[in-house]
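Listed here are the chains, written in short residue letters.
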Amino acid sequence: MTMSPDQSTFKDNHLEATISKLLAYCQANDWAGYDPYDAVNSGAFAALPFLNLRLPRLVLTQVLKRSPFNIRRLLLIPKTQNPKAIGLFLSAFLKLSTMGIVTPGDFVELMIERLIALRSQGLPYWCWGYSFPWQTRTIVVPRGAPNLVCTTFVGNALLDAYEQRQDQRCLTMAVSTAEYILDELYWTDGKSIAGFSYPLPHLRNQVPNANFLAAALLCRVYKHTKEPKFLDPALRVARYSAAKQNADGSWDYGEAPSQRWIDNFHTGYNLCALQSIGRNTETTEFEPCIRRGLEFYRAHFFREDGAPRYFHNRRYPVDVHCVAQSIITLLSFRDLDPTNVPLARSVFQWAMNHLWDERGFFYYRVLRFCTIRTPYMRWGQAWMLLAMSTLLSESDVAVRYAEAQDSTVLAEAR
C-alpha cells in the first residue's frame, strides 16, 4: 500500500515512540505526580497551622500554579496518585491494547485495581475525589472528598473497560457511580431549573460542563441498564444547560458573575458530553447545539500556527490540557468536518515542538514570555497519553480502511 503524503508526515512524527516514552516516564513515577492545584497538600500548613487559612491557601495555590519554577519539594508537597489521572490512563490503555501497543494484563488490570483502592471513603457508593485538598475562591474541598468531575471521568473509564472486556466489576462500579450522582448531586427547583452539584454536594452552582458530564454518564449507564431513573434527570439537566448556550455557540464556564469566561477544554467537555448523550439515548435533539458549539470552537480556539488557545479571545496561555482536549474533541467530530483530523495533527505537532521534553514528559504551559516546564501528572501526562492514544487509534482506523480499499480494488482487478 502506498501512503499518502499526509499519512507519511503523520508517521514521521513518531507518535508511537512518543507514547512509549511518555508511558515509561509515568510508570517510572508510579503514576504519581504534582498537580497545578495541590498547594494545600504542603506540609507547611501542618507545621505552621496559623497559615492554614483561606487567603494563604488561595495565594499559595495561585503562586505555584503560575510560577515557572517548581518549588513543591521545598514546600513538602508530595507526588500523589490521582483517581482522575488513573481513570484517564485506563481509558488510554484500553485504546492502546486494541492496537497491540500494550497488553491488557500489564496496565489495564493495574489501573482498575488502583481505582478500587483510591475510592472515596465513608459513602456506600463508588465515587472519587482528588488526592489533595483544593482551595477555590470561596471554599476548600477536602482531600479525597468525592466530586462530580473526578467521579464522572472514572465512571466513563470503567464503562470503557466493561464495553471492551465485559468485566462485570466495572459495570457494577459504574452503576454505583451513577447512583451517587443521582442520589447525592441531582437537584431541581421543581420547575424549570435542574442541575448537578459541584464541587461539593451542598453547592447548587450551575456549571454547564459539570452538568453535561454527569448527564452523559447517566445516559451511558442507562444504555446498559435500561433503568429509567437515570434517563429523565439526565435529559432534564442537559436541556437546561443546552439552553444556556450563547447566541454565538459558546458557553460561559458558569452562571455566577465570577464564572463568565469561555475556555477551550471545558467547551470540549460540553461538546463531547452532548455527543455522548445523543449517541447513548439515540436522540438528535442536541445536534443543532453541537453544530453551533463546534463552529465556535473551530473559529475561536486555534491559532494559525496550530496552537490551541486556552481562552477564546487571547493568544496566551497555551496549556497542555487544552492541547489534549482539542485533539480529542476534534477527532470526536471528524465526521462533521473532515478538516478536524489534520487540525488535530497540527495541534499535536505544535505540542511536540513547544511542550515535549525528550526526557519523556510534557510541560504545563506556554506563556507570552516563558514556558512553565513543570510536568503535571493528571493535568498533562495522563491527558496527553489519552489524546495521543486517540490520535493513534484514528490513524490506525484510517490505515486499515485504506488497506481494505486497496484489497477491494485488487480483488476487482482480478
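Residues numbered from 1 in each chain as written. Predicted model: local features only at pLDDT ≥ 70, side-chain atom pairs only at ≥ 80, totals over all residues. Heavy atoms only, no water.

Trainee: Looking at this model, I keep getting lost on the overall build of the protein. Mind explaining?
Mentor: If you tally the helices and strands in the protein, you get 15 helices and nine strands. In terms of overall dimensions, the protein is globule-like: its C-alpha atoms have a radius of gyration of 21 Å, near the 22 Å expected for 414 residues. Considering the protein as a whole, with its 414 residues, one finds that 58% of them fall into the buried category. Within the protein, counting contacts between residues at least 6 apart in sequence, those at least 24 apart form 68% of the total. On the protein, roughly 17,700 Å² of surface is accessible, and the fraction owed to carbon and sulfur atoms is 53%. Of the side-chain charges in the protein, 44 are positive and 38 negative, and the distance between the mean point of each set is 8 Å. (Helix = DSSP H or I, 4+ residues; strand = E, 2+ residues; numbered from the N terminus. Rg over C-alpha atoms; globule rule 2.2 N^0.38 Å. Buried < 20%, exposed > 50% of the residue type's maximum accessible area, 1.4 Å probe, protein only. Contact = heavy atoms within 4.5 Å. Areas by Shrake-Rupley, 256 points an atom, 1.4 Å probe, with all protein chains shown as cover. Lys, Arg positive; Asp, Glu negative; His and termini not counted. Charge placed at Lys NZ, Arg CZ, Asp CG, Glu CD.)

Trainee: I'm lost on the packing of aromatic side chains in this one. Help?
Mentor: One pair of aromatic rings is described through two measures. These are the centre distance and the angle between the planes. Across all of its chains, the model carries 27 aromatic pairs by this definition. What links up through ring pairs into an aromatic cluster is the set Tyr37, Phe153, Phe265, Tyr269, Tyr310, Phe311, Trp379 and Trp383. It is Arg314 that lies over the ring of Phe311; its NZ or CZ is 4.2 Å from the centre. (Phe/Tyr/Trp six-rings, centres within 6.5 Å; stacked < 30°, edge-to-face > 60°. Lys NZ or Arg CZ within 6 Å of the ring centre and 35° of its normal.)

Trainee: Looking at this structure, how should I read empty space enclosed by the protein?
Mentor: Using a probe with the size of a water molecule, rolled over the atoms, empty space left in the structure can be pinpointed. Using the criterion set out here, one finds three cavities of 30 Å³ or more in the structure. One number sums up the size of the largest cavity: a volume of about 60 Å³. Lining of the largest cavity is provided by 13 residues; of these, Gly33, Tyr34, Asp35, Thr80 and Asn82 occupy positions nearest its centre. For the lining of the largest cavity, the residue count by class is six nonpolar, four polar and three charged. (1 Å grid on protein atoms, 1.4 Å probe; cavity = no way out; pocket = protein on both sides within 12 Å on 5 of 7 lines; lining within 4 Å. Points joined across faces, edges and corners; volume = space filled by probe spheres on them. Nonpolar A, V, L, I, M, F, W, Y, C, P; charged D, E, K, R; others polar.)

Trainee: Any chance you could explain the sheet that holds strand 9 (residues 371–372) here in plain terms?
Mentor: To summarise the sheet geometry, strands pair through backbone hydrogen bonds and adopt either a parallel or an antiparallel arrangement. Reading across from one edge, 5-8-9 is the order of the three strands in this open sheet, with antiparallel pairing throughout. Each edge of the sheet is formed by a strand with only one pairing partner; in this case those strands are strand 5 (318–319) and strand 9. Bridging between strand 5 and strand 8 (residues 365–366) involves two bridges; their strand directions are antiparallel. Looking at strand 8, one finds that Asp319 is bridged to Arg365. (Pairing = 2+ DSSP bridges.)

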